[in-house]
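# Descriptive structure summary
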Amino acid sequence: MAHINILKYGVSSPADTSPLQELKAAGYQSSDILAVIGKSEGNGCVNDFSRTLSTHVWDPVIPDSAVTIFSGGTEGVLSPHVTFIVQEPKPTGLVAVVGRTREFKPHEIGSKEHATEVAASVKSMLSQGGISKDQVHLVLIKCPLLTSAKVEAILAASQTPVTTDTYESMAKSRYASAVGIAIALEEIEANGLDEAMRNVDRWSSKASCSSGAELEDCHILILASHTSPGNLRAASAFMEDGIDAGTLIKVLDKIRNERGHVVQVFAKAEADPRGKIRGNRHTMNTDSDIHSTRHARAAVGGLIAGLVGDTHLYVSGGAEGQGPSGGGSLCMVYRVAEIPVE
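Residues numbered from 1 in each chain as written. Predicted model: local features only at pLDDT ≥ 70, side-chain atom pairs only at ≥ 80, totals over all residues. Heavy atoms only, no water.

The name recorded for the chain in an unreviewed UniProt entry is Cyanuric acid amidohydrolase, from Cadophora malorum. Database annotation for the chain, UniProt heading Pathway (unreviewed entry): "Xenobiotic degradation; atrazine degradation; biuret from cyanurate: step 1/1." The annotation that UniProt attaches to the chain under Sequence similarities (unreviewed entry) is "Belongs to the cyclic amide hydrolase (CyAH) family." (UniProt positions renumbered as here; feature names shortened; annotations may be inferred.)

Scanning the entire structure with this criterion turns up four aromatic pairs. Look at Trp58 and Phe84: their rings are 5.5 Å apart centre to centre, the planes differ by 70°, and that puts the pair in the edge-to-face class. Taken as a pair, Trp58 in helix α2 (residues 49-58) and Phe84 in strand β4 (residues 81-87) lie far apart in primary sequence, 26 residues in all. By the ring-pair criterion, three or more aromatic residues cluster together here, those being Tyr9, Trp58 and Phe84. Over the ring of Tyr314 we find Lys39, and its NZ or CZ is 5.8 Å from the ring centre. (Phe/Tyr/Trp six-rings, centres within 6.5 Å; stacked < 30°, edge-to-face > 60°. Helix = DSSP H or I, 4+ residues; strand = E, 2+ residues; numbered from the N terminus. Lys NZ or Arg CZ within 6 Å of the ring centre and 35° of its normal.)

What follows concerns the pattern of salt bridges. This structure, assessed with the given rule, holds 18 salt bridges. Residues Lys133 and Asp134 are paired through a salt bridge, measuring 3.4 Å at the closest nitrogen-oxygen approach. The partner of Glu258 in a salt bridge is Arg233, with the nearest N and O atoms 2.5 Å apart. Of this pair, Glu258 sits in the loop between α7 (245-257) and β10 (260-269) while Arg233 sits in strand β9 (residues 232-239), and the two are 25 residues apart along the sequence. Residue classification places Arg233 among the partly exposed residues on the basis of a relative accessible area of 28%. (Salt bridge = Lys/Arg side-chain N within 4 Å of Asp/Glu carboxyl O. Buried < 20%, exposed > 50% of the residue type's maximum accessible area, 1.4 Å probe, protein only.)

See below:
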């Protein structure tokens, strides 16, 4: 566990590491970095090479113990950027712990074994960090997906993949990761894993999972409150659907009442799989030109950006198991004015 600060900077391309210089100008060294969390400008789908490129350029310049979590897709008004989670020597009000699962075999991706491994890793990280489940505001995960080559390898080994559709594997991987988080946070009972994997209606209010072809394990960041004083805080909630401005306004009112300002927003966005929003038909899931996750990111990103007044937001598409169906988890990090010590 480490006391942390959060800083974010825009990037000119997926290969742009110049924010590292801005971070140093702010008084931090690369050795202080726990995580680099980014929104890259690709399509956010299986063949999104922007995520791979960003990971490739950032991994060599951060500590081996740090994690990279890049989510593709900056549709609409969302702006490409990176968010740094950096260590602080003194309490700030927020703490974080980062870690990784073991690498998954191709046939395990999106499976019960995947969920079990995530649950064990998150539990271990919480225990080692001395963090209780009630302190947690966000568990952010980057998880692997199935490529065509992996599907072929699974079938050649007479094993069964969770799906032969590589795009669908992204959803399967996100859901397995979310179920693992829910079990670790006791939002789902451990003995309910089998049922959760059979019925995709179980969810965690603190999970944010993004899948990609750039890794074979899961990169994990846990963000939590700390009892020590500090001016950095977090508020977590969940959106009921893609136009749930009410929940966003409620959280923003809390922040304004504390005279705080938003540092970063982590949100999940999903095209409601039932094909309706508040009783009205939507066409996001039947659009043959643009994948539904891209529609969802643009819609939810625009809503949040308009209310917060910022476009450097981490809005990730595909919220399977990460908030209620058609909605998504939400975490706002904010800073309040320094309170003078008497």
